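Chain by chain, the residues:
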Amino acid sequence: MNLSEWRRLATQSVMLLLVVVVCSLSFSEQFRAKTEKTVLADNTSQKKTEKKKAGKETVTAESKTTVKAAAKAIQPQPTQQPQAEKQKVVVIDAGHGGMDEGTSSPDRKCVEKKYTLLISEKVIELLKEQGVQVYATRTSDKMVSKKSRVGTVKKKKADLFVSIHCNASTVGDYTSNGIEVLYAKKKIKGYDLTNKQLADILMDSLSKTSKLEKRKVIQRSNLYLLHYSKVPTAIVEIGYITNKKDMKYIMKEKGQKETAQGICDGILKALEAGK
């Protein structure tokens, strides 16, 4: 092979090599672009998947929250009980007792301490039937000091205090008769009901049940129970023990029941008025 042929062969080889190099570079560039496109597509697909999954999780979380809220809403809520109203407290005082007999009829057949206790017991029974919390200053024939009676009112935190007595006229006078209610003219701190109002209510109620005459409501602020009691207080004089008609009425069971009913009705009205 001569020199010219070697040259021609060398030239062809170089040309072929150049073609191979160019083709290789072109293929490599196309492969890289395709790979980047594929990777980009995969990344985009992955992001869409993740976004879709995140959205689904958000919806699921919101759904769970909604379900919980709905379940809480339909659960029975504890009923708030209204605050119970404070039970009213009354103290009933049977006048006199023990060695202190009080007044009596001219023939001594009717003694005040006995009948004030009998009527007090009936008043207490009637009040308890009406749901009133009631206490007595005495429940038997025993002597109780005036200070102790007022002390019971304070100790029991009473709303009302009613003392029951029998009246008597001066010696030789047997004509005075009927019901009287005594009160003290003073302001009772912390109470809307006044002593005078309590006395008027008791008199009105007694006039409807008792067969005895309705006399009057009298101011007697100097009496111990009326002066020292710190709650609305009244003394009920249920009749004149020195009057024959009144005495017979007080001694009879029917008279005692009617008198007790009038006092009970008056106390209930007074408690209502004092709210």
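Up top is the structure.
Now for a look at the structure at hand. Position labels on residues start from 1 in each chain and follow its written sequence. Per-residue local features of the predicted model are confined to residues with pLDDT of at least 70, and side-chain atom pairs are confined, for both listing and counting, to 80 or more; whole-chain, interface and lining totals are unaffected and use all residues. Only hydrogens and water are set aside; all other atoms, that is, all heavy atoms of the structure, feed into the side-chain values.

1. Thoughts on the pairing of strand β4 (residues 179-183)
Next, step 1: Only protein chains enter the calculation, and the probe is 1.4 Å; a residue is then buried if its accessible area is under 20% of its type maximum, exposed if over 50%, and partly exposed in between. A run of H or I in DSSP becomes a helix once it reaches four residues, and a run of E becomes a strand once it reaches two; helices and strands are each numbered from the N terminus. Burial runs high along β4: five of the five residues are buried.
Next, step 2: Here β4 shows no split at all, with Ile-179, Val-181 and Tyr-183 on one side and Glu-180 and Leu-182 on the other all buried.
Next, step 3: If DSSP finds at least two bridges between two strands, the strands pair. As paired elements, β4 and strand β5 (residues 214-219) share five bridges and run parallel to each other. Paired with Val-181 across the two strands is Val-217, which belongs to β5.

2. Topic: the environment of Gly-239
Next, step 1: Among the secondary structure elements, Gly-239 is positioned in strand β6 (residues 233-240).
Next, step 2: The exposure class assigned to Gly-239 is buried, which follows from its relative accessible area of 0%.
Next, step 3: Gly-239 sits 26 residues away from Glu-213 along the chain, and the two C-alpha atoms are 8.5 Å apart.
Next, step 4: In contact with Gly-239, not counting residues within four places along its chain, are Cys-166, Asn-167, Gly-178, Leu-212, Asp-246 and Ile-250. Contacts between residues were defined by any pair of non-hydrogen atoms, one from each residue, lying within 4.5 Å.

3. Quick notes on the packing of aromatic side chains
Next, step 1: In summary, the pairing rule links any two rings of Phe, Tyr or Trp, Trp by its six-membered ring, whose centres are within 6.5 Å, and it sorts them by plane angle into stacked for under 30 degrees, edge-to-face for over 60 and tilted for everything else. Throughout the structure, instances matching the rule amount to one aromatic pair.
Next, step 2: Considering the side-chain rings of Tyr-224 and Tyr-228, the 4.5 Å spacing of their centres and the 40° angle between planes classify their relative orientation as tilted. With Tyr-224 and Tyr-228 both in helix α5 (residues 224-228) and four residues apart, the pair spans about one turn of that helix.
Next, step 3: Its relative accessible area of 31% is what places Tyr-224 among the partly exposed residues.

4. Considering the pattern of salt bridges
Next, step 1: In the sections that follow, a salt bridge refers to a side-chain nitrogen of Lys or Arg positioned within 4 Å of a carboxyl oxygen of Asp or Glu. The final tally for this structure, using the stated rule, is nine salt bridges.
Next, step 2: Taking the shortest distance from any N to any O, the salt bridge between Lys-113 and Asp-141 comes out at 3.0 Å. In this pair, Lys-113 is assigned in helix α2 (residues 112-129) and Asp-141 in the loop between β2 (133-136) and α3 (146-155), connecting sequence segments 28 residues apart.
Next, step 3: Exposure remark for Asp-141: the relative accessible area of 46% places this residue in the partly exposed category.
Next, step 4: For Glu-258, the salt bridge is made with Lys-211, and the minimal N-O distance between the two is 2.9 Å. Note that Glu-258 is positioned in helix α7 (residues 253-273) and Lys-211 in the loop between α4 (195-209) and β5, a separation of 47 residues in sequence.

5. With respect to unusual backbone geometry
Next, step 1: Phi angles above zero are rare outside glycine, and His-96 is one such case at about 65°.
Next, step 2: If you trace the backbone, His-96 turns up in the loop between β1 (89-94) and α2.
Next, step 3: The backbone of Arg-108 shows a phi angle near 65°, a positive value even though the residue is not glycine.
Next, step 4: Relative to the assigned elements, Arg-108 resides in the loop between β1 and α2.

6. Here we look at the environment of Ser-205
Next, step 1: By the secondary structure assignment, Ser-205 is in helix α4.
Next, step 2: Residue Ser-205 is classed as buried on the basis of its relative accessible area, which comes to 2%.
Next, step 3: With 54 residues separating them in the primary sequence, Ser-205 and Thr-259 have C-alpha atoms 9.5 Å apart.
Next, step 4: Excluding residues that lie within four positions of it along the chain, Ser-205 makes contacts with Gly-262, Asp-265, Gly-266 and Lys-269.
Next, step 5: Polar contact is the term for a pair of N or O atoms within 3.5 Å; when the atoms are in protein, one must be able to donate a hydrogen and the other to accept it, and sequence-neighboring residues count only if both atoms are side-chain atoms. Of note is the side chain of Ser-205, whose polar atom sits 3.3 Å from the backbone nitrogen of Gly-266.

Remember, this is a structural readout, not a statement about activity or role.
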